[in-house]
Amino acid sequence: VKSTVDVLNQVEVVVYVVLAIVAVARWQTRRGQARAWMAATFVVLASVIVVAQLLPTTGHSSELETSRKILIAALVLFPYLLYRFTATFHQIPRWVEWSGGVLTLASVIGVFFFRHLPVNGEARPAGYTIYIAIVVAQWVFLMGVVSIQLWRGGRDQPRISRNRMHTLSLAAFGMGVAIALAGATPSRTNPGVAEVVTALIVLAIGPLFLLGFAPPQFVLAAWRRADEIELRQATSGLIAANTEAEIGETLLPHVARIMGAQSAIMTDSRGDVIAAFGHQEAMPSPQRVTIPLERGWLSVQANPYTPYFGREAEELMAALADYTDIALRRARLAEGERQLAEDLRQANETMRDFVAVASHDLRTPVAIIKGFSNTMVGQWERLTDEDKLDYLATIGRQSDHLSRLVDDLLTMSRLDADAVRPDVRSVRVDDVVRETLRDLGIESRVEASVPEDLCVNADREHLVRIIRNYVENAFKYGLPPVRVTAQEAGRNVEIRVIDHGPGVPHDFRDRLFQRFSRAGRGRGSRDTGSTGLGLSIVKGLATAGGGEAWFESVEPTGACFAVRLPKTTSSGVR
Amino acid sequence: MSRASLIVVDDDPDIRMLVRAVIGGDQRLEVTGEAVSAGEAIELAESTDPQLILLDHSLEGETTGLKAAPALKAVAPNAKILLFTAYDMSADAKKEPAVDGFLRKDQVAKLVPAIERLLGLDTVA
């Protein structure tokens, strides 16, 4: 029996030294509190086991006694260090902290109160037996805490994390049993069955610890098998998904299962959610595992154990993120093609509508001019002078309208063909506003609030046309008072024409700057002489000059049409 | 001889004036009313029971001339409806049973012959 125990002890030395080396190596590779406690735990344990093998089991020299005491003090540190490792993941109840600490302190200090430590075969004095009982209690208590914490914590973890944590839990439990057994075994010269069993347990626990904190690849491969099926299912789902949302919906349940998480989320590069799985509210940011995608992120709910135990699951998730990127690239390409086809269809429809409306708007004045001319020629004698004057006035009015329409259509087509080359110079805004209002003969009816030295980089003719259009619209569709304002806005100048009429209907605002858009059927050329192209030309001219044109509503009623153009200094004013 | 009554449904006052001018010299025809929207046109057709409705497609309000045609036919079943618009809508007009004829506005010179054909009037030389 003695030789068996000796052999087992020799093997133990090898196993625990290997464990210590692996633990230190892992800590060196990726530093962290948990890894540091784990390395310290096994370095201490391996040192104790090695030194115990080297120390003689008999004799009572003072050096030997001191060495044995230090060895025992170090040995009782093992459960405490392992407990500290567990405590890095969870807040441990205060009474447990205190009990563990007091028992450990008592075990470490207590050994130094004995002048002579009994060796195998010697009778144990009562005080020493009590001390052994305290040490056993410390081991059993701390190992119990470690075992329960790891077992409970492992329940909701990803498969590999769960297996690792449960293995560590079993190892801690086994260590507690081994110490209890050793403590209960009476002191004797020749070891018996109890010593063999204890040695066997301690030996078997070594590989369990190894499986727990550094599982070999073949074990990982076995544990990962179910996850790989999940991975395969996820990738086949990704192949079948066609849109970003479909990819997200297919992927996230698999990701959540692989990570053992309740919820998962996929976002784009702006942080907008593409797809979500499970309840997101219980997901504070520190408890997330986030894997970057090419254009976004994949996030799952995590827990304090994830950084230490969840590395393999994170690696699987990262692999899945790579497949996701490929699927997303394909989906974006397909979406781009769909969008292109849709844009072409819309452009085609817009062109067809444009041709239809343009034809209609061109034909109407032509029909009226032709109709009245023919009538006057055919019925000259029958018509009264008043009729003739009415008809001629209508012909004149419709000719003007036709002329404006043709001009606008030509400007529009030049803007479309990018053939408008603005003659950009520094222009004084107040000059342009004053000149435009004077030309329209409404200088006294408009309140202009434009700083004198404000200049923009613009084509003067284009700016005149923009302001003219806005002001004409304010009088046609809005109500006085009409105001023109201009002010600096960063590197730009914003010019606004504001009226206090009924404003623009909500459902029409999106179409305001579109061609031939008129609020309400029948409104437009009939009532106002508008061609329906004014605002779209304004937008085109503003854009061609490096600016922007837009609409703002005015509270409580009214409309504000604005243009933004690059600001410049007053030098070079024409 | 009684004159054939017709109503003009168009939101453009110049077109309404033109129609009056074009058929004003024809003793067989008489414009008995004008309307600018589908609603107005239906009321007018019901009250005047015209023999012909000259109907534009683009009207005030949301209802177009083509959409209003069945309702007009329902209130004035004896009236012929001539769709008179600047849009190319001859195919749409053919598909709508309530519409009896189509003429584009720029072919205004053919307005009287088109009305003669629809009302079965003798062609004026």
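Residues numbered from 1 in each chain as written. Chains lettered and ligands numbered in written order. Predicted model: local features only at pLDDT ≥ 70, side-chain atom pairs only at ≥ 80, totals over all residues. Heavy atoms only, no water.

This brings us to the overall build of chain B. Scanning chain B from N- to C-terminus turns up 5 helices and 5 strands. Scored against the burial criterion, the 125 residues of chain B give a buried share of 57%. Here the contacts in chain B between residues at least 6 apart in sequence split such that 63% fall between residues at least 24 apart. Counting every atom, chain B has about 5500 Å² of accessible surface; 49% of that belongs to carbon and sulfur. (Helix = DSSP H or I, 4+ residues; strand = E, 2+ residues; numbered from the N terminus. Buried < 20%, exposed > 50% of the residue type's maximum accessible area, 1.4 Å probe, protein only. Contact = heavy atoms within 4.5 Å. Areas by Shrake-Rupley, 256 points an atom, 1.4 Å probe, with all protein chains shown as cover.)

Residues and elements named next belong to chain A. Scored by pLDDT, chain A comes out at a mean of 85, with 94% of its residues at no less than 70. Per-element averaging of pLDDT across chain A places helix H15 (residues 525–528) at the bottom with 48 and strand E9 (residues 492–499) at the top with 93. In this model, residues 521–526 is a region of pLDDT below 50 whose contacts with residues beyond four sequence positions or in other chains number 24 contacts. (pLDDT = per-residue confidence, 0-100.)

Right, let's get into the environment of Asp 418 of chain A. Residues and elements named next belong to chain A. Examined against the element boundaries, Asp 418 turns out to sit in the loop between helix H12 (385–416) and strand E5 (424–428). Its relative accessible area of 55% is what places Asp 418 among the exposed residues. Separated by 122 residues in sequence, Asp 418 and Gly 540 have C-alpha atoms that sit 9.5 Å apart.

What follows is about the interface of chain B and chain A. On the chain A side, the residues contacting the 26 residues of chain B number 22 residues. With both chains or domains summed, chain B and chain A bury close to 2100 Å², and 55% of this area falls on carbon and sulfur atoms. Taking the shortest distance from any N to any O, the salt bridge between Arg 397 of chain A and Asp 14 of chain B comes out at 2.6 Å. Inspection of the chain B/chain A interface yields 6 residue pairs in polar contact (both at pLDDT 80 or more). No other element matches the 7 residues that helix H1 (residues 13–24) of chain B contributes to the side of chain B that touches chain A. Looking at the side of chain B that touches chain A, its residues break down into 10 nonpolar, 6 polar and 10 charged. (Buried area = accessible area lost by both parts, 1.4 Å probe. Salt bridge = Lys/Arg side-chain N within 4 Å of Asp/Glu carboxyl O. Polar contact = N/O pair within 3.5 Å; in protein donor to acceptor, adjacent residues only side chain to side chain. Nonpolar A, V, L, I, M, F, W, Y, C, P; charged D, E, K, R; others polar.)

Residue and element names in this part refer to chain A. Tallied over the full model, the rule gives 16 aromatic pairs over all chains. Where Tyr 470 meets Phe 561, the ring centres are 5.4 Å apart and the plane angle is 40 degrees; that geometry is what we call tilted. Residue Tyr 470 is located in helix H14 (residues 460–477), and its partner Phe 561 is located in strand E11 (residues 559–568); the two are separated by 91 residues in the primary sequence. Taken as a pair, Tyr 470 and Phe 561 share a single burial class, namely buried. Relative to Phe 561, the ring of Phe 551 has its centre 5.2 Å away and its plane inclined at 55 degrees; by these criteria the two rings are tilted. With Phe 551 in strand E10 (residues 548–553) and Phe 561 in strand E11, this pair connects stretches of sequence that are 10 residues apart. Across this residue pair, the class does not change: Phe 551 and Phe 561 are buried. Taken together, the aromatic side chains of Phe 42, Phe 78, Trp 139, Phe 209 and Phe 213 make up a single cluster linked through ring pairs. Of note, Arg 31 hangs over the ring of Trp 27, and the distance from its end group to the ring centre comes to 4.2 Å. (Phe/Tyr/Trp six-rings, centres within 6.5 Å; stacked < 30°, edge-to-face > 60°. Lys NZ or Arg CZ within 6 Å of the ring centre and 35° of its normal.)

Residue and element names in this part refer to chain B. Along strand E3 (residues 52–55), one buried face is formed by Leu 52 and Leu 54 and the opposite face, lined by Ile 53 and Leu 55, is buried too. Examined bridge by bridge, strand E1 (residues 4–9) and E3 share 4 bridges and lie parallel to one another. For Val 9, the partnering residue across the bridge sits in E3 and is Leu 55. In terms of strand pairing, E3 meets strand E4 (residues 80–85) through 4 bridges, oriented parallel. (Pairing = 2+ DSSP bridges.)

In total, this model carries 33 salt bridges over all chains according to the counting rule given. Of the charged contacts, one joins Arg 428 of chain A and Asp 430 of chain A as a salt bridge, the two residues approaching to 3.2 Å between their closest N and O atoms. Owing to a relative accessible area of 25%, Arg 428 of chain A belongs among the partly exposed residues under this scheme. When its relative accessible area of 7% is taken as the criterion, Asp 430 of chain A is described as buried. With a closest N to O distance of 2.4 Å, Arg 20 of chain B and Glu 34 of chain B form a salt bridge. You can see Arg 20 of chain B sitting in helix H1 and its partner Glu 34 of chain B sitting in strand E2 (residues 29–35), a full 14 residues away along the chain. When salt bridges that share partners are traced, they join Glu 494, Arg 496, Glu 548, Glu 552 and Arg 564 of chain A into one network.

A separate point is the sheet that holds strand E2 (residues 273–277) of chain A. Residues and elements named next belong to chain A. Spatial ordering of the open sheet is given by E2-E1-E4-E3, a layout of 4 strands whose pairing is antiparallel. Looking at which strands have only one partner, the edges of the open sheet turn out to be E2 and strand E3 (288–293). Adjacent strand axes in the sheet meet at a mean angle of 10 degrees, parallel and antiparallel pairs treated alike. Each of strand E1 (264–268), E3 and strand E4 (296–301) touches helix H11 (residues 311–379); the most contacted strand, E3, lies at about 35 degrees to it. (Axes fitted to C-alpha atoms, helices over the stretch in contact; angles between N-to-C directions.)

On to the environment of Leu 118 of chain B. All names here are of chain B. Among the structural elements, Leu 118 can be located in helix H5 (residues 111–119). The buried category is assigned to Leu 118, whose relative accessible area is 18%. When the C-alpha atoms of Leu 118 and Ile 81 are compared, they prove to be 8.6 Å apart, with 37 residues separating the residues in sequence. Excluding anything up to four places from it in sequence, Leu 118 contacts Leu 52, Lys 80, Ile 81, Leu 82, Asp 100 and Gly 101.

What follows concerns the nonpolar core. Residue and element names in this part refer to chain A. Core analysis: the biggest nonpolar cluster contains 51 residues, and Tyr 16, Phe 42 and Phe 209 have the highest contact counts within it. Those elements that provide at least two residues to this core are helix H1 (2–29), helix H2 (33–54), helix H3 (62–87), helix H5 (126–154), helix H6 (159–184), helix H7 (193–213) and helix H10 (306–309). Element by element, the count of residues in this core is highest for H5, at 11 residues. Leaving out residues up to four positions away in the same chain, Tyr 16 has contacts with Phe 42, Leu 45, Ala 46, Ile 49, Met 175, Val 202, Ile 205 and Gly 206. Phe 354, Leu 437, Val 471 and Val 493 belong to the second-largest nonpolar core, a separate cluster that totals 48 residues. (Core = buried A, V, L, I, M, F, W, Y, C linked by side-chain atoms within 4.5 Å.)

Let us now look at the packing of H14 of chain A against helix H16 (residues 534–544) of chain A. Residue and element names in this part refer to chain A. Orientation of H14 relative to H16, taken along the N-to-C sense of each, is 150 degrees, at an axis distance of 10 Å. With respect to H16, the element H14 is oriented roughly antiparallel. When the axes of H14 and H16 are compared, the crossing they make is left-handed. Of the residues in H16, those in contact with His 462, Arg 465, Ile 466, Asn 469, Tyr 470 and Asn 473 of H14 are Gly 534, Leu 535, Ile 537, Val 538, Leu 541 and Ala 542. When the residues that make up the contact of H14 with H16 are grouped by side-chain class, the tally is 7 nonpolar, 4 polar and 1 charged. (Parallel < 35°, antiparallel > 145°, perpendicular 65-115°, else oblique. Left-handed = near helix turned anticlockwise from the far one by under 90°.)

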